[in-house]
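Chain by chain, the residues run as shown.
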Amino acid sequence: MSERLGQLLLLGALILLPVKGVQAESPKDPIYVKISNGWNAAYAHGNEYAEFRVIGNGAKLQDPYHILLQKNVGMMVSFVDKKELQSDRDLLSAHAQWEIDYWHQHASKVESNNREDLTGTRKDLKVTEIRVYDDKGAQMSSYLIGLAAKDGVFVLSVSPAKKDVDPLVKELVCSFKLVPRNLDAEEAKRLSSEAKAQR
């Protein structure tokens, strides 16, 4: 079922309707291509896209924006426009603060921690661990993996944030990169060909 969904998502990205005088646009939703040990993914915004890899045959696509990475570990894919962040300088820190501010409005207590141990030496992305508590003490936790782009931040939110999830986050960080090209039909076809070579 998951493989079929991936093929349908890719097919949807490759279909171009011939419209006179209009260029083919990038897909609006993330696309996924099945590989031997998981999924290659791409999410476009403007004339660039984020590429990442979901490792593990147990990973299940719920929809283009939500993935069950493994039992009780989920991920959400999103993009936050820099207009929302109201900052042109350090987009990654502005994004982390924007998320923290949001949770301060909806929770009794919010804790955050910059997880440089998960990013290594990379400066183009940031991992922030957030823990949110309600007034009864119940806790929700997540890792926010932000990748700086020209017009904002691509975000992979992984929940829950636990020590045994750290290796999974490191794998995502290693594969999460910005590609300065349009994700058009030709590029989607190239990604599909690369994925077939990896099977």
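Residues numbered from 1 in each chain as written. Predicted model: local features only at pLDDT ≥ 70, side-chain atom pairs only at ≥ 80, totals over all residues. Heavy atoms only, no water.

Caption draft 1: The sheet that holds strand 8 (residues 125-133), seen in detail. If you walk across this open sheet you meet the 7 strands as 4-5-6-10-9-8-7, and the pairing is antiparallel. Both outer strands of the open sheet, strand 4 (60-63) and strand 7 (109-114), are each paired with one neighbouring strand and no more. Adjacent strand axes in the sheet meet at a mean angle of 25°, parallel and antiparallel pairs treated alike. Along the sheet, helix 3 (residues 91-106) makes contact with strand 6 (73-81), strand 7, strand 8, strand 9 (139-148) and strand 10 (152-159), crossing strand 8 at roughly 10°. In the packing of helix 5 (residues 166-175) onto the sheet, contacts are made with strand 5 (66-70), strand 6, strand 8, strand 9 and strand 10, and the angle to strand 9 comes to roughly 20°. (Pairing = 2+ DSSP bridges. Helix = DSSP H or I, 4+ residues; strand = E, 2+ residues; numbered from the N terminus. Axes fitted to C-alpha atoms, helices over the stretch in contact; angles between N-to-C directions. Contact = heavy atoms within 4.5 Å.)

Caption draft 2: Just unusual backbone geometry, in detail. Here the bond from Ser159 into Pro160 is cis, since omega is 5°, no more than 30 degrees from zero. The topology assignment puts Pro160 in the loop between strand 10 and helix 5. One non-glycine residue, Asn72, lies in the positive phi region at around 65°. With respect to the helices and strands, Asn72 occurs in the loop between strand 5 and strand 6. In this structure Asn72 comes out as exposed when scored by relative accessible area, which is 60%. (Buried < 20%, exposed > 50% of the residue type's maximum accessible area, 1.4 Å probe, protein only.)

Caption draft 3: Representation of the packing of aromatic side chains within the structure. Per the stated rule, a full pass over the model turns up 6 aromatic pairs. For the ring pair Phe52 and Phe176, a centre distance of 6.0 Å and an interplane angle of 90° mean the geometry is edge-to-face. Here Phe52 is found in strand 3 (residues 48-55), whereas its partner Phe176 is found in the loop between helix 5 and strand 11 (177-179), with 124 residues between them in sequence. A relative accessible area of 2% means that Phe52 is categorised as buried. Judged by its relative accessible area of 1%, Phe176 falls in the buried class. Each ring, one from Phe79 and one from Phe154, has its centre 4.8 Å from the other, and the planes form 65°; the classification is edge-to-face. (Phe/Tyr/Trp six-rings, centres within 6.5 Å; stacked < 30°, edge-to-face > 60°.)

Caption draft 4: Spotlight on the sheet that holds strand 11. The antiparallel open sheet is built from 4 strands, whose spatial order is 1-2-3-11. Each edge of the open sheet is held by one strand with a lone partner, namely strand 1 (31-35) and strand 11. Strand-to-strand twist in this sheet, taken as the mean axis angle between neighbours without regard to direction, amounts to 25°. Where strand 1 meets strand 2 (residues 38-45), 5 bridges bridge the pair, whose relative direction is antiparallel.

Caption draft 5: Broad picture of the pairing of strand 9. With 7 of 10 residues buried, strand 9 is to be regarded as a mostly interior element. Here strand 8 runs beside strand 9; their pairing, made up of 9 bridges, is antiparallel. What sits directly across from Arg131, in strand 9, is Ser141. Connecting the antiparallel pair strand 8 and strand 9 is a turn made up of 5 residues, with Gly137 showing a positive phi of about 90°. Taken together, strand 9 and the strand that follows it, strand 10, pair antiparallel across an intervening segment of 3 residues.

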